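Residue strings, one per chain:
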Amino acid sequence: MALHRLTRRPTGRQAAQLVGLTAALAAAAGTGAVALNSSPSGAATSATSAQQNALTTARIERQQQTSRDGSRTDLTLEATRKAQAAEQARLRAAKLAATATLNQRRALALAASKALAAQKRAAAVKAAAAAKAAAIAKAKAEAAAIAKAKAAAAARAAAAPKIVLPTTGYHLTARFGQAGGRWAANHTGLDFAAPIGTPVRSVMAGKVIQAEFAGAYGRQVKVRHANGTVTSYSHMSEFDVSVGDSVSAGSKVGAIGVTGNTTGPHLHFEVLPNGGPAINPEPWLEARGINP
C-alpha cells in the first residue's frame, strides 16, 4: 500500500527560498543546454561558472526577499501591537469614564438623599416647635379661662346675697307658736301663702339632705347649712333638687303647692339649729338682715 505524506504549505520565507532555488536551477539548466553543443572541457568550465553565478544571484535574491518579507512581517506585527495597545487604551479610557460617571451619579444621589433628610429633619423640628408653641398657647388660654371663671365665680359669690327670703309675692298666714285646730301642737314655723307654682328658694347656701314626701308636710326639702342649721320647706308642688345637691342662697328647691295637711297653697318654713327642735324663724331671719 502506498503511503502519502501530508504536504504543508510553505510560509512566506520558505516560498522566497524556493523561488530563488527555482531561478538558479533554471539558469543552470539553460547553461547546460547550451554547453551540449560545445566542447566538453569548455562546456564544463562555462557551466560551472554560470551555475555559481546563478547560485550567487539566487542567494542574494533569496536574502533580499527574506529581508523584505521579514520587514513586512515586522511592520505587520508592530501595527498589530499598536492597534491592540490603542484598543486597550480606548477600553481603559471608556471604563474610567464609566466609573467616573457612576461615581458622579452616586455622589449626586447621596447629596440629594442628604438634602432630603435635612429637609425632613428641619420640617420635623419646625412641626415639633409649632406643636409645642400651640400646646403652650392652649395651656395659657386654658389657665386664663380657669382663672377668669374663678374670678367670675368669686365675684358672683361676693355679690350674691348671703341670705334671702324663701319666696316672694306672699303674705304670712301663720307664725311660730301660734295655736289652732289645724295643728296637733303649736305651730312650728312660718307660713308664706302665695300662688301655686311660685318658686321656693333656699335661704342660705348649703347641701340638700332630704327631698321626699313627708306625710302631713307633703313634699318636703331640707337643707343643711355651714353652721349646722337645717332649714325645712314643706307642702311644695314639686322638687327641683335631689339629696346631695349643693345650693346657694336663692337657689330654687321647689314651688308653692298644697301637698300634705294644708287648707291652701303656701310654704311652711322651719329653722332647726343643728337639725334639732324648730325655733322661731322670724328673729332668726331678722338677725341676719331679713324681715319677713
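Residues numbered from 1 in each chain as written. Predicted model: local features only at pLDDT ≥ 70, side-chain atom pairs only at ≥ 80, totals over all residues. Heavy atoms only, no water.

**Looking at the side chain of His268**
Tracing the backbone through its elements, the reader meets His268 in strand E9 (residues 266-272). Owing to a relative accessible area of 4%, His268 belongs among the buried residues under this scheme. For His268, the side chain forms a polar contact with the side chain of Asp191, separated by 2.9 Å. Side chain to side chain, His268 and Glu270 meet in a polar contact 2.7 Å long. (Helix = DSSP H or I, 4+ residues; strand = E, 2+ residues; numbered from the N terminus. Buried < 20%, exposed > 50% of the residue type's maximum accessible area, 1.4 Å probe, protein only. Polar contact = N/O pair within 3.5 Å; in protein donor to acceptor, adjacent residues only side chain to side chain.)

**Side note on the packing of aromatic side chains**
Where two aromatic rings form a pair, the distance of their centres and the angle of their planes describe that pair. Applying the stated criterion across every chain yields a total of three aromatic pairs. Between Phe192 and Phe269, the ring centres sit 6.4 Å apart and the planes meet at 75 degrees, which makes this aromatic pair edge-to-face. Pair noted here: Phe192 is in strand E2 (residues 190-193) and Phe269 is in strand E9, with a separation of 77 residues, a long-range link. As far as burial versus exposure is concerned, Phe192 and Phe269 are alike and both buried. On the basis of an interplanar angle of 45 degrees and a centroid distance of 5.5 Å, the ring pair of Tyr233 and Phe269 is categorised as tilted. Here Phe269 lies in strand E9 and Tyr233 lies in strand E6 (residues 230-239), a separation of 36 residues in the sequence. Neither Tyr233 nor Phe269 differs from the other in exposure class; each is buried. (Phe/Tyr/Trp six-rings, centres within 6.5 Å; stacked < 30°, edge-to-face > 60°.)

By themselves, these figures tell us nothing about what the structure is for.
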